[in-house]
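What follows is each chain in one-letter form.
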Amino acid sequence: MIRVILRHHEGVIEAPRNLIRAIPGTTLVESTLEPGCCGGAGAILLTQPELSDTILERRLEGFRAAGAEAIITGGPSCVTQYRRASQGPPVFYLSEYLEKAYDAKAGQ
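Residues numbered from 1 in each chain as written. Predicted model: local features only at pLDDT ≥ 70, side-chain atom pairs only at ≥ 80, totals over all residues. Heavy atoms only, no water.

A.B. asks: Teacher, can you tell me more about the nonpolar core here?
C.D. replies: Taken as a class, soluble globular proteins show a tendency for nonpolar side chains to be buried jointly. Cys38, Leu56, Leu60, Phe63, Ala68, Ile71, Cys78, Val79, Tyr82, Ala85 and Val91 form the largest nonpolar core, which has 11 residues in total. Mapped by element, the contributors of at least two residues to this core are α4 (49–66) and α5 (76–84). With sequence-adjacent residues up to four places away left out, leucine 56 is seen in contact with Cys38, Gln81, Tyr82, Arg84 and Ala85. Ranked by size, the runner-up nonpolar core spans 8 residues in total, among them Ile20, Ile23, Leu28 and Leu94. (Core = buried A, V, L, I, M, F, W, Y, C linked by side-chain atoms within 4.5 Å. Buried < 20%, exposed > 50% of the residue type's maximum accessible area, 1.4 Å probe, protein only. Helix = DSSP H or I, 4+ residues; strand = E, 2+ residues; numbered from the N terminus. Contact = heavy atoms within 4.5 Å.)

A.B. asks: How do you make sense of α4 when you look at a structure like this?
C.D. replies: One turn of an α-helix holds 3.6 residues; hence residues three or four places apart share an orientation. Taking 1.5 Å per residue, 18 residues should reach 26 Å; α4 reaches 26 Å between its end C-alpha atoms and fits that length. Of all the residues in α4, the buried ones are Ser52, Leu56, Arg59, Leu60, Gly62 and Phe63. End-on view of α4: buried residues confined to an arc of 150°, all on one side of the axis. α4 presents Glu50, Thr54 and Ala65 as exposed residues on the side facing more than 90 degrees away from its buried surface. (Expected span 1.5 Å × (residues − 1). Arc of directions from axis to C-beta.)

A.B. asks: Explain the layout of surface pockets here, please?
C.D. replies: Roughly 260 Å³ of volume is contained in the largest pocket. Thr26, Thr27, Glu69, Ala70 and Tyr97 are, among the 16 residues lining the largest pocket, the residues nearest its centre. Looking at the lining of the largest pocket residue by residue, the classes come out as 10 nonpolar, 4 polar and 2 charged. In this structure, the second largest pocket spans a volume of roughly 210 Å³. Taken together, Ile23, Pro24, Gly25, Thr26, Tyr97, Lys100, Ala101, Ala104, Lys105 and Gln108 make up the full set of residues lining the second largest pocket. Of the residues in the lining of the second largest pocket, the class split is 5 nonpolar, 3 polar and 2 charged. (1 Å grid on protein atoms, 1.4 Å probe; cavity = no way out; pocket = protein on both sides within 12 Å on 5 of 7 lines; lining within 4 Å. Points joined across faces, edges and corners; volume = space filled by probe spheres on them. Nonpolar A, V, L, I, M, F, W, Y, C, P; charged D, E, K, R; others polar.)

The analysis is restricted to geometry; functional conclusions fall outside its scope.
As structure tokens, then:
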């Protein structure tokens, strides 16, 4: 699943997905939930931690249902929020995931 801040502010949706689809051995899956906040945006994580945790768990359920093995995002608050989860898949910035794929290919 990719949650890219560009989606919400700039309407850029397909370009990052195309990058991920181009990585050999990577299959892009989307959350089973509609796109939305991870519960970490703005001050909600600090001012309303219970609500933030509820939203986080709901989002993680969508990733689990989709069979996601990693979460890839471009949003700093999303990375922070998803990395807080003790039972979630690994979380990467898009740039981190691309670097990991490049390093794996270079090591062949």
